[in-house]
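# Coordinate inspection notes
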Amino acid sequence: MEKAKALIRMAEDELTQYSTEARKIEKLRRKFGFAVPYPQQKALRDHIAAQMPQNFFAKLVEENRQTVALPFWGIGGLGLLLGISGRQPLDLLATWIGFYLAYQIQKWGWELEAQRLVLKTLDDIEAGINPKVTQPAAPDPEPAPEASETL
């Protein structure tokens, strides 16, 4: 679905801004309203939610992508250091593998976070259009009649 990819790209652009999640959702609501008509938003939300991986590793990468990628950055840096100083081509291979894995993990985490932001935004739009019907509050009891002042 091309429109789902467009929504995810809009969310990725919004992730680059330093602001709260509520502000990001508010800005994305307007963009999504122009990009996708409301009747199609439910289908897009279901499609994106179905594509989101639900395993432990995916959730870990989504929430802590930099922490998960950090050991691979270290492997790449150490391989570069040892490969240059010892003139060992296999260490340089470890450099490329480490850097590649670290980059791919961070990229995947970024995409997962953008997809989650799209889902939250579509849920927010849905909640704004179809607010939950709340039970009417119990009527207030009648106020007590005021006592007349006598002197």
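For the structure itself, look to the data block above.
Everything in this summary refers to the structure shown in the same document. Worth saying up front: this structure is predicted, and the values here are computed from it rather than measured.

Reading the values: the criteria
- Residues numbered from 1 in each chain as written.
- Predicted model: local features only at pLDDT ≥ 70, side-chain atom pairs only at ≥ 80, totals over all residues.
- Heavy atoms only, no water.
- Helix = DSSP H or I, 4+ residues; strand = E, 2+ residues; numbered from the N terminus.
- Buried < 20%, exposed > 50% of the residue type's maximum accessible area, 1.4 Å probe, protein only.
- Contact = heavy atoms within 4.5 Å.
- Phe/Tyr/Trp six-rings, centres within 6.5 Å; stacked < 30°, edge-to-face > 60°.
- Expected span 1.5 Å × (residues − 1).
- Arc of directions from axis to C-beta.

### Some thoughts on the overall build of the protein chain
Along its length, the protein chain carries six helices and zero strands. In the protein chain, the succession of α and β elements from N to C terminus is α-α-α-α-α-α. Here the protein chain holds 151 residues, and the buried ones make up 26% of them. Of the contacts formed within the protein chain by residues at least 6 apart in sequence, a portion of 72% connects residues at least 24 apart.

### Section: the packing of aromatic side chains
A complete count under the given rule lists two aromatic pairs for this structure. Between W73 and F99, the ring centres sit 5.6 Å apart and the planes meet at 45°, which makes this aromatic pair tilted. Residue W73 is located in helix α5 (residues 65–86), and its partner F99 is located in helix α6 (residues 89–129); the two are separated by 26 residues in the primary sequence. Residue W73 is classed as partly exposed on the basis of its relative accessible area of 34%.

### Here we look at helix α1 (residues 2–15)
Its 14 residues place the ends of α1 20 Å apart at the C-alpha level, agreeing with the 20 Å of an ideal helix rising 1.5 Å per residue. Burial in α1 covers these residues: A4, L7, I8, A11, E12, E14 and L15. What you see down the axis of α1 is that its buried residues fit within an arc of 160°, all on one side. Across α1 from its buried face, at more than 90 degrees, point the exposed residues E2, K5 and D13.

That is the geometry; function is a separate question.
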